[in-house]
Amino acid sequence: EAAVTQSPRNKVTVTGGNVTLSCRQTNSHNYMYWYRQDTGHGLRLIHYSYGAGNLQIGDVPDGYKATRTTQEDFFLLLELASPSQTSLYFCASRGQGYTEVFFGKGTRLTVV
Amino acid sequence: GDSVTQTEGLVTLTKGLPVMLNCTYQTTYSPFLFWYVQHLNEAPKLLLKSSTDNKRTEHQGFYATLHKSSSSFHLQKSSVQLSDSALYFCALSPMSNYNVLYFGSGTKLTVEP
């Protein structure tokens, strides 16, 4: 089965702090995604990428940067974390077309 | 724009009863629809998918039929089990940007003994 690994699994940071969430996929998938999950909102797309060096803006990009350094690695950066960014973050990958999206186990971020 | 609506936030049922979770969508062109299931403290996983109008798709006892005339893709099961308790998401890949997956807000299904 396709593998998507996120780190860290849990993170607590202070308001205004700097946070980087990491994601690695070993599926040779072109597409990678960052979603946030909040009760009542489902999964909302932050950023996505179709290859190393590429970045596409999702539906809720404000306050987030992302970078795809290699085919395997996709990072989400919060440079000035705010309490509104407390959430469960999922990374995912997908091959071409209407194929299945595979999710990592998530990172729970708390901004205090 | 492209969007997915799930009207029920919470559904509670007794084991053995049938269930239908509603999903409607909005998109300009022919879509690809998905149902994902997320068990407690786990990642979402694909349950089933379809792009064919009026054709029933089944997996693990769940089934759904895409009806383009009513923009719906409701998830059904004839007899729920305790292990079906989970969060269910309907999702859409629009033809205009088929590499993106847009999710509904989710329905939490709780099955009681």
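The structure displayed is predicted, hence computed values, not measured ones.

Caption draft 1: Structural detail: the pairing of strand β8 (residues 62–65) of chain B. All names here are of chain B. Where burial is concerned, the two faces of β8 agree: the one with Phe62 and Ala64 and the one with Tyr63 and Thr65 are both buried. With 4 bridges joining them, strand β7 (residues 56–59) and β8 adopt antiparallel strand pairing. By the bridge assignment for β8, Glu58 is matched with Tyr63.

Caption draft 2: Quick look at the layout of surface pockets. Looking at the largest pocket, its volume works out to about 730 Å³. Gln37 and Leu88 of chain A together with Gln38, Leu40 and Leu87 of chain B are the residues nearest the centre of the largest pocket, which is lined by 31 residues in total. Contributing elements (two or more residues each) for the lining of the largest pocket: β4 (31–38), β9 (87–94) and β11 (107–111) of chain A together with β10 (86–93) and β12 (107–112) of chain B. Across the lining of the largest pocket, the residue classes tally to 8 nonpolar, 17 polar and 6 charged.

Caption draft 3: The arrangement of the pattern of salt bridges in detail. Residue and element names in this part refer to chain A. Using the criterion set out here, one finds 6 salt bridges over all chains in the structure. Residue Asp38 pairs with Arg44 through a salt bridge whose shortest N-O separation is 2.9 Å. A relative accessible area of 15% places Asp38 in the buried class. One salt-bridge network, held together by shared partners, links Arg36, Asp38 and Arg44.

Procedures and definitions
- Residues numbered from 1 in each chain as written.
- Chains lettered and ligands numbered in written order.
- Predicted model: local features only at pLDDT ≥ 70, side-chain atom pairs only at ≥ 80, totals over all residues.
- Heavy atoms only, no water.
- Buried < 20%, exposed > 50% of the residue type's maximum accessible area, 1.4 Å probe, protein only.
- Helix = DSSP H or I, 4+ residues; strand = E, 2+ residues; numbered from the N terminus.
- Pairing = 2+ DSSP bridges.
- 1 Å grid on protein atoms, 1.4 Å probe; cavity = no way out; pocket = protein on both sides within 12 Å on 5 of 7 lines; lining within 4 Å.
- Points joined across faces, edges and corners; volume = space filled by probe spheres on them.
- Nonpolar A, V, L, I, M, F, W, Y, C, P; charged D, E, K, R; others polar.
- Salt bridge = Lys/Arg side-chain N within 4 Å of Asp/Glu carboxyl O.

Functional significance is not addressed by these values, which are geometric in nature.
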